Amino acid sequence: MTRRVVVTGVGLVTPLGTGTDKTWDNLVAGKSGIRRITRFNAEAADMPCTIAGEVSDFNVEDFINRKDARKMDTFIHYGVAAADIALQHSGLEINEENAERVGVIVGAGIGGLPAIEKTMRAYETGGRRKISPFFIPQTIINMASGWVSMRTGAKGPNVATVTACATGTHAIGDAFDIIAKGDADAMIAGGCEACVCELGVGGFSASKALSTRNAEPERASRPWDADRDGFVMGEGAGVLVLESLDSAKARGANILAEAVGYGMSGDAYHMTAPAPEGEGGARCMKAALDSAELNPDDVDYVNAHGTSTPQGDICETQGIKSVFGAHARSGLMVSSTKSMTGHLLGAAGGIEAGFSVLALHHGVIPPTINLDNQDSECDLDYVPNTARDVDLKVAVSNSFGFGGTNASLVLRKFD
């Protein structure tokens, strides 16, 4: 028997603010969280890109005591904080009676890169005795789920997805499947990332993936715009609380939306480039709609992967048109919230699923900002520059990652 699955909590830590309400308010206002990098001196390091979406208002001790915080790298800080916010938002209490029926899937695309960078420098100057005993658990990706489990007492399924920029969406989709088939009653699921460091920025710069619009940080991330020149790195976390409908109703939870479909696919094409004409992403979206037992014209809104890369935006547009046909031009709205947050890599799908849930709940579509000169090959309704009040019924959230890994979620307004 397949059970219905609902979303009861959204936890967000993003370049737009720490906390779900703060992030959402800035998102619908069309504000940008992109600034000059402060984590290190990017100019002195001769980085082509000197801008990023940093979380500027985060105080780790608001969420984690100092002793425990020292045992974690920053991506875990963000994941733990977003999980705390999501649980508080949901009102779900984990106790002896339900602990074994509550699980955790919080992944990351890269993990503890800053700690790796810092530890290698310490080792080079001081030898092995300078390596912290916490180094390995600081950096391995599944420790985000591990810490959430330890802190909350959740004893159900405990794993971590690692699928590059599709990580957060795969985590939430896998959690949806686990609940639907009855292996848990609730799951804490999403993604976290914190790679704004010399290795992270330097690595993506070396592959020429990042925007170099350094003089205008807030205008650098511009999906679908003809003048886009690459993505902007972001950091943070997005975590949802998903529950079976019966579990949520039994405790009188405030249901924000229903998760109804999940699709996956592989491009089998290239390490970093999307398959031609967005073929892999199109199969993924179609699989998600089939899972939800919905038709393409049932969908009102797509929160796109939309990274602001020259080829990626075109391929996703082509994939959307392939799946949605005439509806893509006559009623479907698409936006890229990365225009405001930057690209949070493994956390992107987590925050964007959260944005899609909130869009359904509040009846507001976040805009794509900086869309001033729309690319002729990107010819859909991308909700340019201003949020739109719409009575949404169904939303799709897309995430596509290096290695040709694709994930799509279908979310529905709860009735």
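Residues numbered from 1 in each chain as written. Predicted model: local features only at pLDDT ≥ 70, side-chain atom pairs only at ≥ 80, totals over all residues. Heavy atoms only, no water.

1. Concerning the overall build of the chain
1) Next: If you tally the helices and strands in the chain, you get 14 helices and 15 strands.
2) Next: Its C-alpha radius of gyration of 20 Å places the chain within 12% of the 22 Å reference for a compact globule of 415 residues.
3) Next: Based on the C-alpha atoms only, the size of the chain along its principal axes is roughly 65 × 55 × 40 Å.
4) Next: A total of 415 residues make up the chain; the buried ones form 60% of that total.
5) Next: In the chain, the share of contacts with a sequence separation of at least 24, taken over all contacts with a separation of at least 6, comes to 78%.
6) Next: Accessible area for the chain stands at about 16000 Å²; split by element, carbon and sulfur atoms hold 49% of it.
7) Next: If you average the places of the 36 positive and of the 51 negative side-chain charges in the chain, the two averages end up 6 Å apart. (Helix = DSSP H or I, 4+ residues; strand = E, 2+ residues; numbered from the N terminus. Rg over C-alpha atoms; globule rule 2.2 N^0.38 Å. Buried < 20%, exposed > 50% of the residue type's maximum accessible area, 1.4 Å probe, protein only. Contact = heavy atoms within 4.5 Å. Areas by Shrake-Rupley, 256 points an atom, 1.4 Å probe, with all protein chains shown as cover. Lys, Arg positive; Asp, Glu negative; His and termini not counted. Charge placed at Lys NZ, Arg CZ, Asp CG, Glu CD.)

2. What to know about a nonpolar patch on the surface
1) Next: There is a patch of nonpolar side chains on the surface, built from M120, Y123 and I131 and spanning about 270 Å² of accessible area.
2) Next: Here I131 lies in the loop between α4 (113-126) and α5 (135-139).
3) Next: For I131, a relative accessible area of 34% corresponds to the partly exposed category. (Patch = residues over 30% accessible without salt bridge, like charges linked within 9 Å, V, L, I, M, F, W, Y side chains within 5 Å. Salt bridge = Lys/Arg side-chain N within 4 Å of Asp/Glu carboxyl O.)

3. Considerations on helix α1 (residues 20-28)
Each turn of an α-helix holds 3.6 residues, which means side chains three or four residues apart point in the same direction.
1) Next: All buried positions along α1 are accounted for by T20, T23, W24, N26 and L27. Relative to the axis of α1, the buried residues are bounded by an arc of 165 degrees and lie together on one face.
2) Next: Tucked inside the fold, the buried residues of α1 contact β1 (5-14), β2 (17-18), α3 (74-90), α13 (338-341), α14 (348-362) and β12 (364-365).
3) Next: A positive backbone phi angle near 75 degrees is found at G30, which sits one or two residues after α1. (Arc of directions from axis to C-beta.)

4. Thoughts on the packing of aromatic side chains
1) Next: Scanning the entire structure with this criterion turns up five aromatic pairs.
2) Next: For the pair F58 and Y78, a centre-to-centre distance of 5.0 Å together with 85 degrees between the ring planes defines the contact as edge-to-face. Residue F58 is found in the loop between β4 (51-52) and α2 (66-69), and its partner Y78 is found in helix α3; the two are separated by 20 residues along the sequence. With respect to class, F58 is no different from Y78; both count as buried. (Phe/Tyr/Trp six-rings, centres within 6.5 Å; stacked < 30°, edge-to-face > 60°.)

The values are spatial; any link to function lies outside them.
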